[in-house]
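# Geometric and topological summary
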Amino acid sequence: MADRTVPLMEYAESEKFYQDLMGGFRDVGLTCAITSGMACVHYGVAHTTSDCDILCSSDHLDQAIAVLAGARCEGAPTSYRGTLSAPLDRPWLLGGWTSHFEWKGSGAYLDIFTVPPRSTAPWTRELRGLYAGLHTVAEMKRTQRDRDWPVATALGVRMLEEGDLRGWMHLFDTDVIQELVERVPCPDEVLRDRPSLQLALMRDARLRPVLRVEREFWYELDRQRLAIYHQAGRHYAQAVRQSPGFSGEDLAQQHSARLALAIQYLPPNPLRDHGVDRLITGVREALGGLFDPALLAWLPDPRPAFAELDASE
């Protein structure tokens, strides 16, 4: 999802709208949490956006549609956004799809996930009020957007300051790592999961180029993952575009139309169908033509970041 930068004076108003929406979701029994840009602001990391990303459990989604149908932003009703938005329904959200919504003319946009991209730990165990935990938010920042990487590093620093040593997994700034390694312990399990940090402990000059390769590795994983979903959704997107219910005013009508088309055209779990190992192999092959193989040897095993999608039914 592409964030849309807005003046800070507008941010508080949009934040209140999304917080009220979260309250409605929780009132009907959904476990949910705000993540991405708004969560970064909550944790003191500079980020301005009018979008909102919400993680939502896969239960009670019918009630979630009812809450959305009753929501208004500047008088505008809720609508699905875009032809490739999956219906807000259990099989597709568990398979890694996202449901996109908007309130036309208001500048408010909402994306709903059940499985956060690149997440290695259950997000439901680390909620902080209305917000997803720092670890989940930081993992979701390993994207194709250059501006997300300093944010991931800042969130990692915040975790280390709080005593959560998983923060080491999110640091991608060489100078920050070299400064912190002098005073913050880096446990064996972290070094096992992220071999590049061993170079920091050894004061090895290869740390900087290895971090560059590691960042490109996650960048390419995100790019190829999204390409798999776009390819899997092409027939569904075309069918949605031609559906008479696509642009209907009533959200329930839009939802029914999308659900019927998804059953026919949209594979619930394209990544599992493609194969996680195949994805990783493709990414390593892509990087192999660009970087020294000796640098690639320090890359982490990314399979835990896809374990939930690989195992979902």
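Let me sum up the structure you'll find in this document. Because the structure is a prediction, the values reported are computed rather than measured. (Residues numbered from 1 in each chain as written. Predicted model: local features only at pLDDT ≥ 70, side-chain atom pairs only at ≥ 80, totals over all residues. Heavy atoms only, no water.)

## Overview of the pattern of salt bridges
For the coordinates displayed, the defined rule picks out 20 salt bridges. The partner of Asp111 in a salt bridge is Arg81, and the shortest N-O contact between them spans 3.1 Å. Of this pair, Asp111 sits in strand β7 (residues 108-113) while Arg81 sits in the loop between β5 (79-80) and α4 (90-94), placing them 30 residues apart in sequence. Accessibility assignment for this pair places Asp111 and Arg81 in one class, buried. Between Arg118 and Asp222 there is a salt bridge, with the nearest N and O atoms lying 2.8 Å from each other. Placement of the pair is Arg118 in the loop between β7 and α5 (134-139) and Asp222 in helix α10 (residues 207-232), with a sequence separation of 104 residues. Each of the two residues, Arg118 as well as Asp222, counts as buried. Shared partners join several salt bridges into a network, and the residues in it are Arg118, Asp222 and Arg225. (Salt bridge = Lys/Arg side-chain N within 4 Å of Asp/Glu carboxyl O. Helix = DSSP H or I, 4+ residues; strand = E, 2+ residues; numbered from the N terminus. Buried < 20%, exposed > 50% of the residue type's maximum accessible area, 1.4 Å probe, protein only.)

## Quick word on the sheet that holds strand β2 (residues 51-56)
Ordered in space as β1-β2-β7-β6-β5, the 5 strands form an open sheet in which the pairing is mixed. The two strands at the open ends of the sheet, each matched to only one other strand, are β1 (32-35) and β5. In this structure, β2 lies alongside β7, joined through 5 bridges in parallel fashion. Following the sheet pairing, Ile54 is matched in β7 by Ile112. (Pairing = 2+ DSSP bridges.)

## As for the nonpolar core
Membership of the largest hydrophobic core comes to 49 residues, with the highest contact counts inside it found for Trp168, Ile177, Leu221 and Leu271. When residues in this core are grouped by element, the largest group, 10 residues, is from α10. In contact with Ile177, other than residues within four places in its own chain, are Trp168, Leu171, Leu197, Ala200, Leu207 and Leu211. Core analysis: the next-biggest nonpolar cluster, separate from the first, contains 46 residues, Ala33, Tyr43, Val67 and Leu110 among them. (Core = buried A, V, L, I, M, F, W, Y, C linked by side-chain atoms within 4.5 Å. Contact = heavy atoms within 4.5 Å.)

## Structural notes on the pairing of β1
Burial of the side chains of β1 extends over both faces: Cys32 and Ile34 are buried on one face and Ala33 and Thr35 on the other. One ladder, built from 4 bridges, connects β1 with β2; its direction is antiparallel. Pairing of Cys32 across the sheet is with Cys56, part of β2.

## Notes on the packing of aromatic side chains
Think of a pair of aromatic rings as described by two things: how far the centres are apart, and how the planes are tilted against each other in angle. Under the defined criterion, the tally for this structure stands at 6 aromatic pairs. What links up through ring pairs into an aromatic cluster is the set Phe17, Tyr18 and Trp103. Against the face of Trp218 rests Arg142, its NZ or CZ located 4.7 Å from the ring centre. The ring of Phe172 has Arg194 lying over it, and the distance from NZ or CZ to the ring centre is 4.5 Å. (Phe/Tyr/Trp six-rings, centres within 6.5 Å; stacked < 30°, edge-to-face > 60°. Lys NZ or Arg CZ within 6 Å of the ring centre and 35° of its normal.)

## Describing the packing of helix α11 (residues 234-242) against helix α12 (residues 251-265)
In a packed pair of helices, the relevant descriptors are the angle between the two axes and the axis-to-axis distance. Two elements in contact, α11 and α12, have axes separated by 9 Å at closest approach and are oriented at 150 degrees. Crossing of α11 against α12: the hand is right-handed. Residues His235, Tyr236, Ala239 and Val240 of α11 form the contact with α12, whose participating residues are Arg258, Leu261, Ala262 and Tyr265. Residue composition of the contact of α11 with α12, by class: 6 nonpolar, 1 polar and 1 charged. (Axes fitted to C-alpha atoms, helices over the stretch in contact; angles between N-to-C directions. Left-handed = near helix turned anticlockwise from the far one by under 90°. Nonpolar A, V, L, I, M, F, W, Y, C, P; charged D, E, K, R; others polar.)

## Side note on helix α6 (residues 148-161)
An ideal rise of 1.5 Å per residue puts 20 Å on 14 residues; α6 measures up with 20 Å between its terminal C-alpha atoms. Turning to α6, its buried residues number three or more, namely Asp148, Trp149, Val151, Ala152, Thr153, Leu155, Gly156, Met159 and Leu160. Residues of α6 that are buried in the fold lie against α2 (36-42), α5, α7 (174-180) and α10. One or two positions beyond α6, positive phi appears at Gly163, with a value near 90 degrees. (Expected span 1.5 Å × (residues − 1).)

## A short note on unusual backbone geometry
Even without a glycine there, the phi angle at Glu74 is positive, about 50 degrees. Relative to the helices and strands, Glu74 is located in the loop between β3 (72-73) and β4 (76-77). Owing to a relative accessible area of 68%, Glu74 belongs among the exposed residues under this scheme. Positioned with a positive phi, Arg118 is a non-glycine residue whose angle comes to about 70 degrees.

Any functional reading would require information beyond the geometric quantities listed.
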